[in-house]
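One letter stands for each residue in the lines below.
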Amino acid sequence: MPAPRRISPRDAHDLVAREGYLYLDVRSEPEFADAHPEGAYNVPLAHLAAGGLVDNGDFLRVVEAAFPKAARLVVGCKSGGRSRRAADLLARAGYDVVDQRAGFDGVRDAFGAVVEPGWARAGLPVGRGRPPGRCYADLRGRAPSEP
């Protein structure tokens, strides 16, 4: 199976706005609440913990409960690393998925300079907070309990 296609933030916006794709933000809950692509859903690939990011063992279970396999998904994160992993996982699970390069913030070089702007830096619509039905707590509530 080939890796999911990687697209620019502007192309991701166009797929969501014009072609019915849903935007899945795989950043942590605090990152999402701070700011996210307008209309995005949040299922973190990893959670923030004292020592850094810790894999979310419920990621695929929550996505499968929240989105039918027929859903077309654009996956994004902060700069592109987590979304690439999530897109690969979702493609293997049977989803029609594309990975948004540069994430919400952008890709930075070794000196911290932005070399490819992400969603926010590209001037695309931004939402804030935990929108009902789109935040992780609500989406997790749709998933059946593990046996």
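Up top is the structure these notes are about.
The structure reproduced in this document is the subject of the present report. This is a predicted model, so every value here is computed, not measured.

1. Considering the environment of Leu 22
Next up, step 1: Tracing the backbone through its elements, the reader meets Leu 22 in strand S2 (residues 22-25).
Next up, step 2: Beyond its immediate sequence surroundings of up to four residues, Leu 22 is in contact with Val 16, Tyr 41, Phe 67, Ala 71, Arg 72, Leu 73 and Val 74.

2. Description of the packing of aromatic side chains
Next up, step 1: Within this structure, the stated rule accounts for 2 aromatic pairs.
Next up, step 2: Between Tyr 23 and Trp 119, the ring centres sit 5.2 Å apart and the planes meet at 65°, which makes this aromatic pair edge-to-face. Of this pair, Tyr 23 sits in strand S2 while Trp 119 sits in the loop between strand S10 (114-117) and strand S11 (126-127), and the two are 96 residues apart along the sequence. An identical accessibility class is assigned to Tyr 23 and Trp 119; each is buried.
Next up, step 3: Summarising the aromatic geometry, the rings of Tyr 41 and Phe 67 are spaced 5.1 Å apart at their centres and angled 90° between planes, so their arrangement reads as edge-to-face. Taken as a pair, Tyr 41 in strand S4 (residues 41-42) and Phe 67 in the loop between helix H3 (59-66) and strand S7 (72-76) lie far apart in primary sequence, 26 residues in all.
Next up, step 4: The cationic tip of Arg 27 hangs over the ring face of Phe 104; the distance from NZ or CZ to the ring centre is 4.6 Å.

3. With respect to the environment of Val 126
Next up, step 1: You can see Val 126 is positioned in strand S11.
Next up, step 2: Between the C-alpha atom of Val 126 and that of Ala 35, which follows or precedes it by 91 residues, the distance is 6.4 Å.
Next up, step 3: Sequence-distant contacts of Val 126, defined by excluding residues within four places in its chain, comprise Ala 35, His 36, Glu 38, Phe 104, Trp 119 and Ala 120.

The rules behind these values
- Residues numbered from 1 in each chain as written.
- Predicted model: local features only at pLDDT ≥ 70, side-chain atom pairs only at ≥ 80, totals over all residues.
- Heavy atoms only, no water.
- Helix = DSSP H or I, 4+ residues; strand = E, 2+ residues; numbered from the N terminus.
- Contact = heavy atoms within 4.5 Å.
- Phe/Tyr/Trp six-rings, centres within 6.5 Å; stacked < 30°, edge-to-face > 60°.
- Buried < 20%, exposed > 50% of the residue type's maximum accessible area, 1.4 Å probe, protein only.
- Lys NZ or Arg CZ within 6 Å of the ring centre and 35° of its normal.

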